[in-house]
Every structure is written in C-alpha cells, then in structure tokens.
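Chain by chain, the residues:
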Amino acid sequence: SIFSSAMECDDMTDTASVNSHLTGSVYPRSVKTTKSRKKEGTPVSKLRPKAPMVSATNDSVLAVTQMLASKRGDAAIITSDGGGLAGIITDTDVTRRVVAKQLPASSTRVSDVMTANPSCVSMSDPATDAMVTMVENRFRHLPVTDDSGAIVGVLDIAKCLNDAISKLEKSQEKGSSAAEDAVKQMASLQGAGGNQAAALQALLGPLLSQAFGGQSSPTLRTILAGKPSTIVSPRTTLQETGMMMAEARKAALVVESGRLVGIFGFKDMMSRAIAKELPLDLTPVSTVMTPNPEAVSPDTTVIEALQIMHDNKFLTLPVCESNGSVIGIVDVMDCVYASGGAEGWRSIFSSAMECDDMTDTASVNSHLTGSVYPRSVKTTKSRKKEGTPVSKLRPKAPMVSATNDSVLAVTQMLASK
C-alpha cells in the first residue's frame, strides 16, 4: 500500500528523458501493451524509473564494473549484439558470481555471470503490481520498457520506497486523508488496532505507528535471530570477505576487539575493489571499508529502522548492543518483509499514489515567512493549453533573503544549506 499511494503523487517527471541514454532499442521477452493495462491503476511511469546503464554481452565484467563505478550505479542492463535485452547484472551479482568463484574480472564476459532474460515491466503496467512483484521476489532492480518494447529505465526498490514514504509524509503535512487511509488498510491486514500503536516521531509519525506499532512491529533482535553473521576483522582479505558476503547475501561488518569499526557492502566491492583491479587475495578489507558507520540498537523496531534508512538514504543498518557488541546487519528488504510483507505494503503503496502533490512544488510556500508576489503571473486557465506546465520541471524550493540583508548574511545562509 505504501507503493500505490506514492504513485498517485507523481507526474512522470524524469521518465521522458530516459530514452536519450540508449544507443539502440532493447526488446524484452514479455511486455504488455498500454491498452491492456492502462485502466488497471496508476502506471509504472509515475515511479520515475532511473535511466538505464547499458553494456553489451561481450563486455568484460571489469569494463562493466568500471562503467558503473564511474556513474555511481549498481546495476547494468546487458544487451545482445542485435540490441535486444539479454540480461541484468548488479553489484551483488559481482560478489556472488565473480568474487566468490574467484573468476578474473578482466577476462570474464558479463554474459557468463549476468541474470539472463530478467523479468521486466512496461511504463503502462500498474505501478503497485510492479512494486509488489519486487517485494515478493526480493528484486532490487526491475527493467522497464516503453510501449514499443524498448528499455527506457530501471526501477530500484529502495528509491521507490523512499519516494513513497516522502509523498505520504507530505500528504500528512497537508492534511490529506490518503496516508491515513493507507495505514488503516495496513492495520486491518495485520490485525493491529490503533490503540496498540507506539508513537514514532519520524516515518509518517502516528499514522504508520497505527499500522505497524505494538505487536505488528518486531524488533531487529527478533528478525536477526538465527541469521548468519558477516563479521570480519580489519585484516581479512577482500577475497575472504567476498566469499562470506556471498554466502550470507549481506554486507560485511568489520569488527576489532569486539567493536564495530567499519562496513563493507556489495557496491563497495564492485566500485572500490573490482573496478580498481585491486588484488583481492592481498588487500585487507580495512583499506576500502567505510569506517565508523552508524549503528542502531537491537531493540529498534523494524519501522523505526525503515525510518532511519529513509531519512539517511541507507540501504543497510548495523545492529549493536549498548555495550558495543555487534549483533548483525539488516537491509531494507529485511524490514519490509518483517513489517507486513508484500500484501501489507500494497495498500501503503496504493495510498501513496493517491497523494498527488504536484511533485515538490506544493511545499515551497512553507519556506517563506511572508507572501512574495512577482510582477507578472498568468492564471492557470490562460496557460494550461499552451504546453507542459513549469511544475513538470520540479522547481527547487527557494532560499529566501531580504533586501536589507548583507551579502555576508546571504552567503552564510546559502553555505549552510
């Protein structure tokens, strides 16, 4: 339900420019037409898929990882010689299928380690169905086609979740009922009453606590029980670290003297090690880890963890006791599953799509302490038939100063933001 709600809050924005990133058409195996899907809900286009990063089947794993590292990407669409969709490869695949199997990245063809013939969705398919499919199958990425069958983007589950939550937060601020309707649906699905909810201070405040609070929101200690750990020492080599990560499908926690000193994820392995051709058997993880990561208590609820990941754009969270001892690590999908699963989130997504707020422009006025009137403003009626409105450009919120402010004061304000 969070996914569906967010989708009605958007206006396609970034999707129109995606085609410019492709050098040729990419045709997936199964694409449903607009006519057959367009009446079944808000379309995938509302999710604003990322522009695809494209490589060819005969490219080496090294070349693909270097391309992704240069663009700060984590997944590449792989095309055949004829321009058709051949597969997809992600940062996780690189660790599991290349590092763990000790294959040479420079001479291994990406076609040998990619996921061939991946599932995909059309821009006109129902967005909620796409999101639920990703949750149910634990897909982090899902290729997106246009109505002609050419690949035009990639959905990222973490981005979609963040966007959905942001839209419901804005809806709540404006007094919309869509966010409240979403959590009521979730509460009904999970059997959680409003009076059972604990108060959360961020992630949609009391609305989501209604749906997920109390018995419906387990702690991280609960969901980590019995899970394999991925704890390594600073001196552990990247090869050993990668094999452990591949087995557990989790990022590695670097621990020294019982204390967390770093974290090393799948994207780190791809961008900081493989793409830079570091010798995995000789390089200690401490040289490429992210030092001193933030950690949370094992008594943190999964909804509070989602809140933290949303607010900080984290994909994973280390979990440590108050005395510093390391418990384990959770990711976005762990929390999504533990707080309702696919059907529970369907109602939240659906509600988020009903919160249309003309993207970010609706909140601009909150930055002003008084009214600001430009010299010439044309009415909606006089302009709406003359082309796509400026709102589609998603203007930034203005940073405002007064005429009698000093240049120093203005520059300090700008620097602080």
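Above this text you will find the structure in question.
Residues numbered from 1 in each chain as written. Predicted model: local features only at pLDDT ≥ 70, side-chain atom pairs only at ≥ 80, totals over all residues. Heavy atoms only, no water.

## Focus: the sheet that holds strand β10 (residues 259-264)
Spatially, β8-β9-β10-β11 is the arrangement adopted by the four strands of the open sheet, whose pairing is mixed. One side of each edge strand has no neighbouring strand; the edge strands of this open sheet are β8 (231-232) and β11 (290-291). (Pairing = 2+ DSSP bridges. Helix = DSSP H or I, 4+ residues; strand = E, 2+ residues; numbered from the N terminus.)

## Regarding the packing of helix α4 (residues 91-99) against helix α10 (residues 238-248)
One way to put it is that α4 packs onto α10 with a least axis distance of 9 Å and a crossing angle of 110°. Considering their axes alone, α4 and α10 lie roughly perpendicular with respect to each other. Taken as a pair, α4 and α10 cross one another with a handedness that is left-handed. Of α10, the residues touching α4 (which contributes T95, R96 and V99) are L238, Q239, G242, M245 and A246. (Axes fitted to C-alpha atoms, helices over the stretch in contact; angles between N-to-C directions. Parallel < 35°, antiparallel > 145°, perpendicular 65-115°, else oblique. Left-handed = near helix turned anticlockwise from the far one by under 90°. Contact = heavy atoms within 4.5 Å.)

## What to know about the sheet that holds strand β7 (residues 151-156)
Sheet architecture is open: three strands sit in the order β5-β6-β7, paired in mixed fashion. Lying at the two open borders of the sheet, with one neighbouring strand each, are β5 (121-122) and β7. Sheet topology places β5 next to strand β6 (residues 141-145); two bridges connect them, and they run parallel. Within the sheet, the bridge partner assigned to V121 lies in β6 and is V144.

## Let's talk about the packing of helix α3 (residues 61-70) against helix α11 (residues 266-274)
Two numbers describe how α3 lies on α11: the axes approach to 9 Å, and their chain directions differ by 105°. Judged on the interaxial angle alone, α11 and α3 are roughly perpendicular. Residues L62, T65, L68 and A69 of α3 form the contact with α11, whose participating residues are M270, S271 and I274.

## Focus: the pairing of β7
Of all six residues that make up β7, six are buried, and the element is covered over most of its length. Pairing between β6 and β7: five bridges, direction antiparallel. Residue pairing for β7: L142 is matched across the bridge by L155. Two successive antiparallel strands, β6 and β7, enclose a turn made up of five residues, where G149 displays a positive phi of approximately 100°. (Buried < 20%, exposed > 50% of the residue type's maximum accessible area, 1.4 Å probe, protein only.)

## Structural notes on the pattern of salt bridges
Under the definition given, this model contains twelve salt bridges. The partner of R140 in a salt bridge is D74, and the shortest N-O contact between them spans 3.2 Å. Of this pair, R140 sits in the loop between α5 (127-137) and β6 while D74 sits in the loop between α3 and β2 (75-79), placing them 66 residues apart in sequence. (Salt bridge = Lys/Arg side-chain N within 4 Å of Asp/Glu carboxyl O.)

## Things to note about the side chain of D331
Within the secondary structure, D331 is located in strand β13 (residues 326-331). Taking relative accessible area as the criterion, D331 reaches 17% and is therefore assigned buried. A polar contact of 3.0 Å, which involves the side chain of D331, links it to the side chain of K250. Looking at D331, its side chain comes within polar contact range of the main-chain nitrogen of M333, at 3.2 Å. Apart from residues no more than four positions distant in its own chain, D331 is found in contact with K250, M309, L315 and T316. (Polar contact = N/O pair within 3.5 Å; in protein donor to acceptor, adjacent residues only side chain to side chain.)

## Focus: unusual backbone geometry
Its identity is not glycine, yet Q102 carries a phi of approximately 55°, on the positive side. Summarising the element assignment, Q102 is placed in the loop between α4 and β4 (115-116). You will see that K313, though not glycine, has its phi angle at about 60°, which is positive. Within the secondary structure layout, K313 lies in the loop between α12 (302-312) and β12 (316-320).

## Side note on the environment of R235
Along the chain, R235 turns up in the loop between β8 and α10. Overall, R235 belongs to the exposed group, its relative accessible area being 59%. Each C-alpha atom, one on R235 and one on V254, is 9.2 Å from the other, the two residues being 19 residues apart in sequence. Those residues in contact with R235, other than ones at most four positions away along the chain, are E256 and P284. At a separation of 3.5 Å, a polar atom in the side chain of R235 contacts the side chain of E256.

## So, the pairing of β2
With respect to burial, β2 is a largely interior element, five of its five residues being buried. Both faces of β2 are covered, namely the face carrying A75, I77 and T79 and the face carrying A76 and I78. With three bridges connecting them, strand β1 (residues 54-56) and β2 associate as parallel partners. Bridging from a neighbouring strand, V54 pairs with I77 of β2.

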